[in-house]
Amino acid sequence: MLKEILTLIILTTTSLYDTGLLDKICKEFEKEYKCKVKIISVGSGMAFKLGKNGEGDLLFVHEVEGEERFIKEGYGEKRIPVFKNEFVLCGPKDDKYKISSSLDIFDAFKKIYEKKLTFISRDDKSGTDKKEKDIWEKIKLYPEGKKWYIQTGTGMIESLRIAEEKNGYILSDISTFLSHKKEFKNIKILLRDKKNLENYYSIIPISKKRFPYVNNQLAEKFIEFVKSKKVKDIVENFKFDGEKIFEIIE
Amino acid sequence: MEIFLKNINKSFNGKLLFSDLNLSIKEGKMHILYGNNGSGKTTLLRILAFLTKPDNGEIFYKIREKIFKYAFPYSIQKDVLLNVSYLHQKNILLKGNVDYNIKIGKILRGEIFDEEFYRLIEMFGVFDFIKKDINEISEGQRRIVCILRSLSVKWELILLDEPFSNLDSNYMERLKKYLNGEKDKGKTIIIATPEINLVNGLNYDKILKLENGKITG
Amino acid sequence: MREIFNIFIVSMKVIFISSSISLIISFFISFLILDKKLKFLFLFFQSFLFIPSVLIGLLIYIIFKRSGILGFLNLLYTSKIIIIGETILIIPLMVLFIVNGIKDRFYEIKEINEVFCGNFLKNLLLMIKEFRNELLSSFFIGCGRVMGETGLAMIVGGNIKGETRTFSTSIVLYTMRGEIEKSIHAGILLFAFSLIFNLFYFFNSKKWKYF
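Predicted model only: the values in this text are computed from it and were never measured.

A. Highlighting the side chain of Glu162(B). Residue and element names in this part refer to chain B. Inspection of the secondary structure puts Glu162 in the loop between strand E7 (157–161) and helix H6 (169–184). Lys41 provides the closest opposite charge to the buried, unpaired Glu162, separated from it by 4.1 Å. Residues in contact with Glu162, not counting those within four places in the same chain, are Asn37, Lys41, Gln89, Arg143, Ala192, Thr193 and Pro194.

B. The interface of chain B and chain C, seen in detail. Opposite the 24 residues of chain B that make contact, chain C presents 17 residues. Of the roughly 1900 Å² buried where chain B meets chain C, counting both sides, 59% is carbon and sulfur surface. Viewed at the interface, chain C and chain B are joined by three salt bridges. A salt bridge links Lys95(B) to Glu134(C); its shortest N-O distance comes to 3.9 Å. Our count for the contact surface shared by chain B and chain C stands at seven residue pairs in polar contact (both at pLDDT 80 or more). Only helix H2 (78–81), helix H3 (98–109) and helix H5 (139–152) of chain B provide two or more residues apiece to the side of chain B that touches chain C. In terms of residue count, H3(B) provides more of the side of chain B that touches chain C than any other element does, six residues in total. Considered class by class, the residues forming the side of chain B that touches chain C number 14 nonpolar, four polar and six charged.

C. Structural context of a nonpolar patch on the surface. Residues and elements named next belong to chain C. A cluster of nonpolar side chains, Phe191, Leu195, Leu199, Phe202 and Phe203, forms an exposed patch at the surface whose accessible area comes to about 480 Å². Its location among the elements puts Leu199 in helix H9 (residues 180–204). Here Leu199 falls in the partly exposed class, since its relative accessible area comes to 43%.

D. Looking closely at the sheet that holds strand E4 (residues 56–63) of chain B. All names here are of chain B. Spatially, E2-E1-E4-E5 is the arrangement adopted by the four strands of the open sheet, whose pairing is antiparallel. Of all strands in the sheet, those bounded by a partner on one side alone are strand E2 (15–25) and strand E5 (66–70). Here the strands of the sheet are splayed against their neighbours by 15 degrees on average, with no regard to which way each runs. Note that E4 and E5 share five bridges and pair antiparallel. Looking at the pairing, Tyr61 lines up with Phe68 of E5. Relative to the sheet, helix H1 (residues 41–48) contacts strand E1 (2–12), E2, E4 and E5, its axis offset from that of E2 by approximately 55 degrees.

E. Up close: the packing of helix H3 (residues 21–33) of chain A against helix H11 (residues 229–236) of chain A. Residues and elements named next belong to chain A. Orientation of H3 relative to H11, taken along the N-to-C sense of each, is 155 degrees, at an axis distance of 11 Å. With respect to H11, the axis of H3 lies roughly antiparallel. Once H3 is placed against H11, the crossing between them reads as right-handed. Packed against H3, whose contacting residues are Leu21, Lys24, Ile25, Glu28 and Glu32, the element H11 presents Lys230, Val231, Ile234 and Val235 at the interface. Considering only residue class, the contact of H3 with H11 consists of five nonpolar, no polar and four charged.

F. Representation of the pairing of strand E9 (residues 206–211) of chain B. All names here are of chain B. Two elements, strand E3 (residues 30–34) and E9, share four bridges in a ladder whose sense is parallel. Note on E9: the bridge partner recorded for Tyr34 is Lys209. Inspection of the sheet shows E9 paired to strand E10 (residues 214–216) by three bridges, in the antiparallel sense. Paired with Glu211 across the strands is Lys214, a residue of E10.

G. Just the packing of helix H4 (residues 79–115) of chain C against helix H5 (residues 120–130) of chain C, in detail. All names here are of chain C. It is at 10 Å that the axes of H4 and H5 come closest, and there the two elements cross at 140 degrees. One element, H4, and the other, H5, form an angle in the oblique class. Judged by the twist between their axes, the crossing of H4 over H5 is right-handed. For the pair H4 and H5, the contacting residues are Arg105, Phe106, Ile109, Lys110 and Asn113 in the first and Lys122, Asn123, Leu126, Met127 and Glu130 in the second. Grouping the constituent residues of the contact of H4 with H5 by class yields four nonpolar, two polar and four charged.

So, how was this worked out
- Residues numbered from 1 in each chain as written.
- Chains lettered and ligands numbered in written order.
- Predicted model: local features only at pLDDT ≥ 70, side-chain atom pairs only at ≥ 80, totals over all residues.
- Heavy atoms only, no water.
- Helix = DSSP H or I, 4+ residues; strand = E, 2+ residues; numbered from the N terminus.
- Buried < 20%, exposed > 50% of the residue type's maximum accessible area, 1.4 Å probe, protein only.
- Lys, Arg positive; Asp, Glu negative; His and termini not counted.
- Salt bridge = Lys/Arg side-chain N within 4 Å of Asp/Glu carboxyl O.
- Contact = heavy atoms within 4.5 Å.
- Buried area = accessible area lost by both parts, 1.4 Å probe.
- Polar contact = N/O pair within 3.5 Å; in protein donor to acceptor, adjacent residues only side chain to side chain.
- Nonpolar A, V, L, I, M, F, W, Y, C, P; charged D, E, K, R; others polar.
- Patch = residues over 30% accessible without salt bridge, like charges linked within 9 Å, V, L, I, M, F, W, Y side chains within 5 Å.
- Areas by Shrake-Rupley, 256 points an atom, 1.4 Å probe, with all protein chains shown as cover.
- Pairing = 2+ DSSP bridges.
- Axes fitted to C-alpha atoms, helices over the stretch in contact; angles between N-to-C directions.
- Parallel < 35°, antiparallel > 145°, perpendicular 65-115°, else oblique.
- Left-handed = near helix turned anticlockwise from the far one by under 90°.

By themselves, these figures tell us nothing about what the structure is for.
This is the structure in structure tokens:
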């Protein structure tokens, strides 16, 4: 029983976890609150599923629609956005087709569709995948099944590697790309669209009403901690390639 | 075919089988190689058939006025081997039926199936079970299959290692009759046997007793 | 369902081609080991028997990626590279299996061939005929091993829809996504196929002949 009180189980997505930020934060949390944090890092879809089964104490994800549905269906009580970063469009360095000079991300996607350029999609129902699919939906273009539209079933970094190999375009979160920048000789960030490509990371404590055994106490403490100055400092100093990746949301 | 063994030495598993063995086999003669189990009969035949290499020494084969020398490094002399036939002491049979197993000898040697072949088969009366699978026949029948396989290829010299094991008197008769007939045609025959009574009825010329690595007789 | 069909095609392609190529290579290696009595070569393959498939996947990734030695071939993330990887993976298994299966009769058959002046090719054909069962059994064993292999296929294949997504990598994806039902469907199909292969192997092997 005591062990349970002292353990916090976080369900998160690979894109957040792989940056390494979460590990850093949790280490400090463990020290300060003298507890143990277990992080389960999976695709967004799986994270929600695990949450719906009460397999964790809180969700730390970045998929607004899914989060709202989660709360609506009564699995979580509230949604607290804590950080944000951006998605970026990466592609071949030579940028033959002048994608980087597109007006916005929608324009870029349109060009890619029209010119039938190799595009790498995650296809794993992750937050990034959802964002990409939302963009296609908005411009009413459906690339699924097209020869140039490659659907990997892998995580962000593997998909980036595939883009690197195949000289393709891909939507990625900026943190994953920058943290592995040295690897990529063929592709680089071609387009940034802060307005349309914002990516919010929120914490949703799992409903105690639904699952009475969840560690709600520790979850609330975690949210407090994430909003504290200590974590603010960690985030401000979390840089890749000289650039700050995450921004705190007040 | 004439064979001349000169100073053949062979040890096997630390045991000396022959030392400075000198032997002459004349053409058209039938020799019986007689000795106890483990005396080296099989090894001698295997050396003559190029299956085992001697430690040192030379063997000369004379075929139709041509002489072939078999010496270090003892690589197989195909020209000689094509005139030699050999029968293992053990029955080595392939998966399939009797027909296939008898024919495989000539198939491997690329020989055609002529009258002579079918006469041989008929002589030993194996037609009754020619289509049977090799697993369905008796040990004696398996032996005769191996014997026929060895007899069927064209040979000037035949080396038979204990051919009579497991044969009934009927087959034994026919085999002895056949071998005598081949000897009359001028072919050279060497038969290894552990039991001297088994060769009664054969027109052999010489008995070579193999004892302590030396040939007597 | 188009998706399942594609997965089926990719899986079968990978399984059959890699097992076939491996069978040929493994047979030659086994032949060499027995013919020239190369015990150390046998020990070499034996030591790689349990090599984790992901290690081979990693090695292949390093060699075939763009900046790698063979990067110019552009084979990474295609079904071809998975086939190459799986073929390499199962060679030790097949060599072990073939050598152990044929070593008892190998030298006898070889001697029959020698005595009757068969050449190298005739010897080979004779052995293939004689050891047909053992070779076929090892083929099925290879198939079985490749069928469930996941790590290598993921690393070098990238789990690309319609191209490098196999039964096993699909299960990984569906599970990660949270689509447990789909995962179970794929799992049942995979199980059914592995059962079929197991039966093929069993009916072909010596043990069955005793019944």
